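What follows is the residue order along each chain.
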Amino acid sequence: MTRARASRIDHQIIAEIVEPGSRVLDVGCGDGALLALLAAQRDVAGRGIEISRAGVNECVAGGLSVVQGDADSDLVNYPDRSFDYVVLSQTIQATRRPRHVLGELLRIGHNAIVSLPNFGHWRARLGIALKGRMPVTRTLPNAWYDTPNIHLCTISDFVHLCEEMNVTIIRKLALNARGERINLDRKARLANLFGEQAVFLLKR
Amino acid sequence: MPANKSASVDLSDAAANRQDCDFVRFGPDKPLQLDCGKTLQPLTLAYKTYGALNAEKSNAVLVCHALTGDQYAAGTHPVTGKPGWWPLMIGPGLPIDTDRYFVICANVIGGCMGSTGPLSIDPETGRNFGIDFPVITMRDMVRAQAMLLDHLGIERLLCVTGGSMGGMQALQWVASYPERVFASMPIATAARHTSQNIAFHEVGRQAVIADRDWMGGRYMDKNKRPEKGLAVARMAAHVTYLSDEALHQKFGRNLQNRDALAYGFDADFQVESYLRHQGSTFVERFDANSYLYLTKAMDYFDLAADYDGVLANAFAGTKTRFCVISFTSDWLFPTGENREIVHALNAVAADVSFVELETAGGHDSFLLDVPELFDTVRGFLSSSARMRGIGDTVKAGRQA
């Protein structure tokens, strides 16, 4: 399960960001690993939305509060500012309307935490530049024809979208293939090349 | 088996004198105020309990039965001799674990298994209520259940749950008594009965009423029962509880006890024979007037209507945890209806889980052997119990 191992690093970072005892909505919560981590480490009253039936079953059977739903269509039902944090972990690239979803996260939450795989990572660039093929990497393990990732972006792309939407980036950091942190403020271009994934704390 | 007619006619006496369940009787000092403006008094509720109430009285789970269910959720049903209606769900070590929880299941008012209903004696006339029984609602049923909890000294339920009409009660409980429900688990239900569902119910009611043995609802005075009409009502309703796929898997176009079509109106097909059997066994255990009253109560159910048409208002400020469960093959209470409940709960930022389970069994899936359903119920109940400080430990020395 390469994906689980790769995403565990961003889960840890998200757990560090979240204030203890806060209310968190995890959009696209999968099997509930992050919610369980937040409950155990940060005493968080977590809720989740997950599109896959199997994921929801696993979460609810494990005692987590998770609703079967779709980030693209079901966020509209949540009231403004009803959570301290709304987390979108490795999911924004799989939504049909990333811009709309990002707006919804910042409406529902006082803060949003977004983590994403970086399509600007050198391996991805090299794949296209040299092989002329869509990259298949550790953070992007699927072939183009069956990937759920329909809106891939680079770290720079995402920063640009935030600026366009007047979203304040409170914290941002990139992680290289070894899970080491790269400062995105001082080494933005380097981060966009060597960051395999990135985590953003956002506010509007 | 009370298959003969005289035994069936005595359903009222049998119900009122059961030895196999508990009764609580409320006198004229505690009338049940009904939505229709009338009061019911005296009031009797017949109920079963399973497991033991803990010292803190914090482990009570109220299980609400569906339209034709009753208080015999677990154990053996005294009339049919078969297991109760939720045998895989309630019991020692089962998802609603009677080693851990105190389970209460009461016959709804308007029912015919011992709680006050059309077969009961009307104190004003000294004869059976029959069609003079007041029309009741989901709110009335829940109000009566709250009186039972008062009687048992239970201030707050750990959980209220049920499927179909039982799910409606699980929702009504939260709206009527928000402080008394820690968790609610409505299954295969809706916050209002749809037009299509009202239509199906009306077909059933008209089948009963069209039976000349219904006699204007006073059949019991003449020692008769509208068995044909009630059986047809049950047959039509039973189809709505299943699914095309379930029927196809079970019967296909298989013939019943014959090798070729008979060119007549006997039951050529197995599915016909099956439905006839469902109809004829149903009338042995169910009162036709009860069927009219309870279907009407479901038809009247529209939770949002009590809150300016906004369902979310029914749950405003709720502290209750919810788990809503639907089934892919349920076309009577489809996922969309269940999701409406979830959306309303999201709108008030309630603590809600929702899962749609993949089954072939149709609406009846909530009664069937669906392991994912058991996992979900077990997980939701245990996490609710943990939040209320009820231990995981199972009492020793009790086996199924």
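Per chain, residues are indexed from 1 in the order of the written sequence. Numbering of ligands from 1 and lettering of chains from A proceed in the order in which they are written. The predicted origin of the model limits local features to residues at a pLDDT of at least 70 and limits the giving and counting of side-chain atom pairs to 80 or more, whereas totals for whole chains, interfaces and linings rest on all residues. Each side-chain value is derived from all of the structure's non-hydrogen atoms; neither hydrogens nor water enter the calculation.

Q: Hey, could you go over the packing of helix 5 (residues 195-210) of chain B against helix 9 (residues 288-300) of chain B for me, with residue numbers and the actual values?
A: All names here are of chain B. Lines fitted to C-alpha atoms define the axes here, with helix axes fitted over just the stretch in contact, and angles between the N-to-C directions of these axes take values from 0 to 180 degrees. Here a strand is any run of E in DSSP of at least two residues, a helix any run of H or I of at least four, and the numbering for each starts at the N terminus. Closest axis-to-axis distance for the helix 5/helix 9 pair is 10 Å, and the angle between their directions is 160°. Of the possible angle classes, the one that applies to helix 5 and helix 9 is roughly antiparallel. When you trace helix 5 past helix 9, the crossing you get is left-handed. Contact residues: Asn 197, Ile 198, His 201, Arg 205, Val 208 and Ile 209 in helix 5; Ala 288, Leu 292, Thr 295, Lys 296, Met 298 and Asp 299 in helix 9. Classifying every residue of the contact of helix 5 with helix 9 gives six nonpolar, three polar and three charged. By definition in this entry, angles of less than 35 degrees are roughly parallel, angles greater than 145 are roughly antiparallel, angles of 65 to 115 are roughly perpendicular, and the rest are oblique. Handedness of a helix crossing follows the sense of rotation of the near helix relative to the far helix, less than a right angle counterclockwise being left-handed and clockwise being right-handed. Contacts are assigned to residue pairs that have any heavy atoms within 4.5 Å of one another. Throughout, the ten residues Ala, Val, Leu, Ile, Met, Phe, Trp, Tyr, Cys and Pro are labelled nonpolar, Asp, Glu, Lys and Arg are labelled charged, and all others, Gly among them, are labelled polar.

Q: Report on the interface of chain B and chain A, specifying residues and quantitative values.
A: Contacts between the two partners involve 25 residues from chain B, matched on the other side by 20 residues from chain A. Summed over both partners, the accessible area (1.4 Å probe) lost when two parts come together is defined as the buried area. Across the interface of chain B and chain A, roughly 1700 Å² is buried in total on both sides, 46% from carbon and sulfur atoms. For salt bridges, the criterion is a side-chain nitrogen of Lys or Arg within 4 Å of an Asp or Glu carboxyl oxygen. For the pair chain B and chain A, the number of links is four salt bridges. The closest approach of N and O atoms between Glu 358 of chain B and Arg 53 of chain A, which form a salt bridge, is 2.8 Å. Polar contact is the term for a pair of N or O atoms within 3.5 Å; when the atoms are in protein, one must be able to donate a hydrogen and the other to accept it, and sequence-neighboring residues count only if both atoms are side-chain atoms. At the boundary of chain B and chain A, one finds 15 residue pairs in polar contact (both at pLDDT 80 or more). In terms of residue class, the side of chain B that touches chain A is made up of 10 nonpolar, seven polar and eight charged.

Q: Quick rundown of the state of the cysteines? Include the residues and the values.
A: Here, the term disulfide refers to a pair of cysteine sulfur atoms separated by no more than 2.5 Å. With the rule as written, the count across this model stands at zero disulfides over all chains. Sulfur of Cys 153 of chain A: no disulfide; nearest cysteine sulfur belongs to Cys 162 of chain A and is 9.3 Å away. With no disulfide partner, Cys 21 of chain B has as its closest neighbouring cysteine sulfur the one in Cys 105 of chain B, 10 Å distant. Only protein chains enter the accessibility calculation, which uses a 1.4 Å probe; a residue is then buried when its area is under 20% of its type maximum, exposed when over 50%, and partly exposed in between. The buried category is assigned to Cys 21 of chain B, whose relative accessible area is 10%.

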